[in-house]
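# Structural overview
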Amino acid sequence: AARTPNRRVTSIFFGGGTPSLMEPETLAGILDAIHWHWPVAPDAEISMEANPQSVEAERFKAYRKAGVNRLSLGVQALNEADLKFLGRLHNVEEAVHAIKLARDTFPRLSFDLIYARPNQSVLAWKEELKQALDYAVDHLSLYQLTIEPDTTFWSLREAGKLIVPSADEAAELYEVTQEICEDAGLPAYETSNHAVPGAESQHNLVYWHYGEYVGIGPGAHGRLVGENGTSRFATATERNPERWLSLVESHEHGTITDDELSLEEQGDEFLVMGLRLYEGIDLSRYEALSGRRIDPRRVEDLLTHNMLERLAPITPGSNTENRLRASKEGAMVLDAVVADLAS
């Protein structure tokens, strides 16, 4: 709070791990502390991640009373075999019960699913996604399975014991996802997020708009704007909860990284985050952040190859040439598009 004077909190997110194991009184105490240190917008979005196990679902009413107005459930699959494969502790019945209870308790609800799972057919995913849409209220997060290095899944895949969809199959699953959700009234507003217009996650939009946010708990990341209004600092806290708590008790904070980003790094982060959005980006802001101009020939080349699309300006009279978004084809190879623009 001392580093962010004259700011107003517009969203609060309890996430990362299992915050729904927290006592509701603890959550209320944290919210009280936030109100003490910053002015909080009356309509602030206060989100909480939760797992669907029944022991946590029973606490929903207490979390709502404490101030949570949006719940994000980690469902991940509506298929028993795949829930076991993903290492989830809940079953489909518990997931559906938690969804229904959350719908009755919170004004807003989101839950996530993972697709492109081993041996998952397009037909099976269509049926599962349509089932999810029957349960959904106004928001779904739909992530493609990513096999990370140095994980059990990685080792199994390398040994030929885990067969995931090919790149072409994954692309077809992605296209099907976009079509079904759009037809159901939940179009994609970001690469992996779908919402009824007006129900987008306000907190996550701060990330994708490359805004300013404070990361406080174990493993939390933040982006803070300096006093001059142009410098930007990347912060990170200790990941291990016990070590984090020890640092807080001894140093009054758990921050272990506090680096000023170069202009080039700011520009790169802006592109990576902003091009995930359906609304696209304004290259004028990229130039203001990075201090450099993207080569117009690169933009034209990506437009020619249907990787980017031009958009009408948000502000009447502003430069139409500067507003871009990734096309459907570009969204599937977004890392390559960003690398091409930033090089």
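Here, the structure is the one placed above.
Throughout what follows, the structure given in this document is the object of discussion. (Residues numbered from 1 in each chain as written. Predicted model: local features only at pLDDT ≥ 70, side-chain atom pairs only at ≥ 80, totals over all residues. Heavy atoms only, no water.)

Time to look at the environment of L73. As for its placement among the helices and strands, L73 is situated in strand β3 (residues 70–76). In this structure the C-alpha to C-alpha distance between L73 and K84, which are eleven residues apart in sequence, comes to 17 Å. Ignoring any residue separated from it by four or fewer positions in sequence, one finds L73 in contact with A50, N51, P52, F60, A98, I99, A102, L109, S110, F111 and D112. (Helix = DSSP H or I, 4+ residues; strand = E, 2+ residues; numbered from the N terminus. Contact = heavy atoms within 4.5 Å.)

In spatial order, the strands read β1-β2-β3-β4-β5-β7-β6; together these seven strands make up an open sheet with mixed pairing. Looking along the sheet, the strands with just one partner apiece sit at the ends: β1 (9–14) and β6 (188–190). Taking each pair of neighbouring strands and ignoring which way they run, the sheet shows an average axis angle of 25°. Across two bridges, the pairing between β6 and strand β7 (residues 193–195) is antiparallel. Opposite E190, over in β7, you have N193 as the bridge partner. Across the sheet, helix α6 (residues 122–135) touches β4 (108–115) and β5 (139–144), and the angle it forms with β4 is around 170°. (Pairing = 2+ DSSP bridges. Axes fitted to C-alpha atoms, helices over the stretch in contact; angles between N-to-C directions.)

Moving on, we get to helix α1 (residues 24–37). Helix length check: α1, at 14 residues, gives a terminal C-alpha distance of 20 Å against a target of 20 Å (1.5 Å per residue), a fit within 8%. Listed in full, the buried residues belonging to α1 are P24, L27, L31 and I34. Projected down its long axis, α1 carries its buried residues within an arc of 80°, all on one side. Opposite the buried face of α1, at more than 90 degrees from it, the exposed residues are E25, D32 and W36. Contact partners of the buried residues in α1: β1, β2 (40–50) and α3 (60–66). (Expected span 1.5 Å × (residues − 1). Buried < 20%, exposed > 50% of the residue type's maximum accessible area, 1.4 Å probe, protein only. Arc of directions from axis to C-beta.)

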